[in-house]
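Listed below are the residues making up each chain.
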Amino acid sequence: GAGFRVARYDHFGRGFSDRPDVPYTDDLFDRQLSQLLDSLGWREPVNVVGLSMGGPVSASFATRHPERARSLTLVDPAAGPRVSPPFFFRVPVVGPMLWQSLAVPTMADGQRSDFVDPAKWPDWSDRYRVQMQYKGFGRALLSTLSENAGGVLDSVYAGVGRSGIPTLLIWGTEDSTVAISYADGVRKAIPQAQYHPIERAGHLPHMERTDVVNPLLIKFLRSASKADTTKKDR
């Protein structure tokens, strides 16, 4: 409605995307986004937006392909140390079975904690359960945690900082999934980032506070598009 064309997709292993039996690495998600843009014929730079785990995915893409990223928006991005799943989930054969029987069944109801007031989203857990019925859902999540463990995500965001890509950072002040205290590290890594803490919002401020987030996002995207046009005219 603001005049932008949007492509919204699910990462491999989530939503309605495929769940290939492969290692779920940064390289996999980078290829997915690159190939998606290629298949759409989108050769010009795009404004990349990443939520939660999409934060490091989009930041890595922008760093690896600066010619394809006009700007980057991060919404409550995964940050801080990349933690491994508990050791018993990493035991060959037995670990994946325990993961499927102990961890996966709790995930749908656990999503309610993303909101400050989950009562306003009564069908959220049921909507999440839809993707859980597809073979490979649990395997993909366990692989994502296992393959990307170790290191600190702030190093991924530092690449964006070095590139100078215009960045918007939005964070719900009451996020219990990725605490807003992690924003300090992301801001240090991306000094050019415009930072907006969103009051009365949890992990999904773009849903809980559309009245605040949408105007910020639209203003930022228009500014980035204008700057890109000016650069081309020089």
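Residues numbered from 1 in each chain as written. Predicted model: local features only at pLDDT ≥ 70, side-chain atom pairs only at ≥ 80, totals over all residues. Heavy atoms only, no water.

Caption draft 1: A look at the overall build of the chain. In terms of helices and strands, the chain carries 10 helices and 4 strands. The C-alpha radius of gyration of the chain comes to 18 Å, within 12% of the 17 Å expected for a compact globule of 234 residues. Once the C-alpha set of the chain is aligned to its principal axes, its extents read approximately 60 × 35 × 30 Å. Excluding contacts between residues fewer than 6 apart, the proportion of contacts in the chain whose partners are at least 24 apart in sequence is 73%. Each charge class in the chain was averaged separately, 28 positive and 25 negative side chains, and the resulting centres sit 4 Å apart. (Helix = DSSP H or I, 4+ residues; strand = E, 2+ residues; numbered from the N terminus. Rg over C-alpha atoms; globule rule 2.2 N^0.38 Å. Contact = heavy atoms within 4.5 Å. Lys, Arg positive; Asp, Glu negative; His and termini not counted. Charge placed at Lys NZ, Arg CZ, Asp CG, Glu CD.)

Caption draft 2: Just the side chain of Arg19, in detail. Note that Arg19 resides in the segment before α1 (26–40). Lacking a salt bridge, the buried Arg19 has Asp18 as its closest oppositely charged neighbour, with an N-O distance of 6.7 Å. Among all residues touching Arg19, those that are not within four sequence positions of it are Gly13, Arg14, Tyr24, Gln131, Tyr134, Lys135, Gly136, Phe137 and Arg139. (Buried < 20%, exposed > 50% of the residue type's maximum accessible area, 1.4 Å probe, protein only. Salt bridge = Lys/Arg side-chain N within 4 Å of Asp/Glu carboxyl O.)

Caption draft 3: Layout of the packing of α1 against helix α2 (residues 54–64). Running from N to C, α1 and α2 cross one another at 70°; their axes reach a closest spacing of 9 Å. By the criterion of interaxial angle, the relationship of α1 to α2 is roughly perpendicular. The interaxial crossing formed by α1 with α2 has right-handed handedness. Residues Asp26, Asp27, Phe29, Asp30, Leu33, Ser34 and Leu37 of α1 form the contact with α2, whose participating residues are Val57, Phe61 and Arg64. (Axes fitted to C-alpha atoms, helices over the stretch in contact; angles between N-to-C directions. Parallel < 35°, antiparallel > 145°, perpendicular 65-115°, else oblique. Left-handed = near helix turned anticlockwise from the far one by under 90°.)

Caption draft 4: The arrangement of helix α6 (residues 137–147) in detail. Residues of α6 that are buried: Phe137, Gly138, Ala140, Leu141, Leu142, Ser143 and Thr144. Buried positions along α6 lie against α1, α3 (94–103), α4 (107–110) and α5 (124–132).

Caption draft 5: Looking closely at the pairing of strand β1 (residues 46–51). Bridging between β1 and strand β2 (residues 69–75) involves 6 bridges; their strand directions are parallel. Opposite Asn47, over in β2, you have Ser71 as the bridge partner. Crossover connection from β1 via α2 to parallel β2: handedness right-handed. (Pairing = 2+ DSSP bridges. Right-handed = clockwise from strand over helix to strand, strands pointing away.)

Caption draft 6: Seen up close, empty space enclosed by the protein. Following the criterion strictly, the structure yields 1 cavity of 30 Å³ or more and no others. Approximately 30 Å³ is the volume found for the largest cavity. Taken together, Asp26, Phe29, Asp30, Val57, Ser60 and Phe61 make up the full set of residues lining the largest cavity. Broken down by secondary-structure element, the contributors of at least two residues to the lining of the largest cavity are α1 and α2. Of the residues in the lining of the largest cavity, the class split is 3 nonpolar, 1 polar and 2 charged. (1 Å grid on protein atoms, 1.4 Å probe; cavity = no way out; pocket = protein on both sides within 12 Å on 5 of 7 lines; lining within 4 Å. Points joined across faces, edges and corners; volume = space filled by probe spheres on them. Nonpolar A, V, L, I, M, F, W, Y, C, P; charged D, E, K, R; others polar.)

Caption draft 7: Up close: the pattern of salt bridges. Scanning the model with the defined rule gives 9 salt bridges in all. Linking Arg139 and Asp21 is a salt bridge whose minimum nitrogen-to-oxygen distance equals 3.5 Å. Taken together, the residues Arg139 in helix α6 and Asp21 in the segment before α1 connect sequence positions 118 residues apart. On the basis of relative accessible area, Asp21 is assigned to the exposed category, the value being 63%. Connected through shared salt-bridge partners, Asp27, Asp30 and Arg64 make up one network.

Caption draft 8: Quick peek at the sheet that holds strand β4 (residues 194–198). Here 4 strands make up an open sheet; going across it, the order is β1-β2-β3-β4 and the pairing parallel. Of all strands in the sheet, those with a lone pairing partner are β1 and β4, marking the two edges. With direction set aside, neighbouring strand axes in the sheet form an average angle of 15°. Both β2 and strand β3 (residues 167–172) contribute to a ladder of 4 bridges, which runs parallel. Of the residues in β3, the one forming a bridge with Val75 is Ile170. Across the sheet, α2 is in contact with β1 and β2; its angle to β1 comes to roughly 150°.

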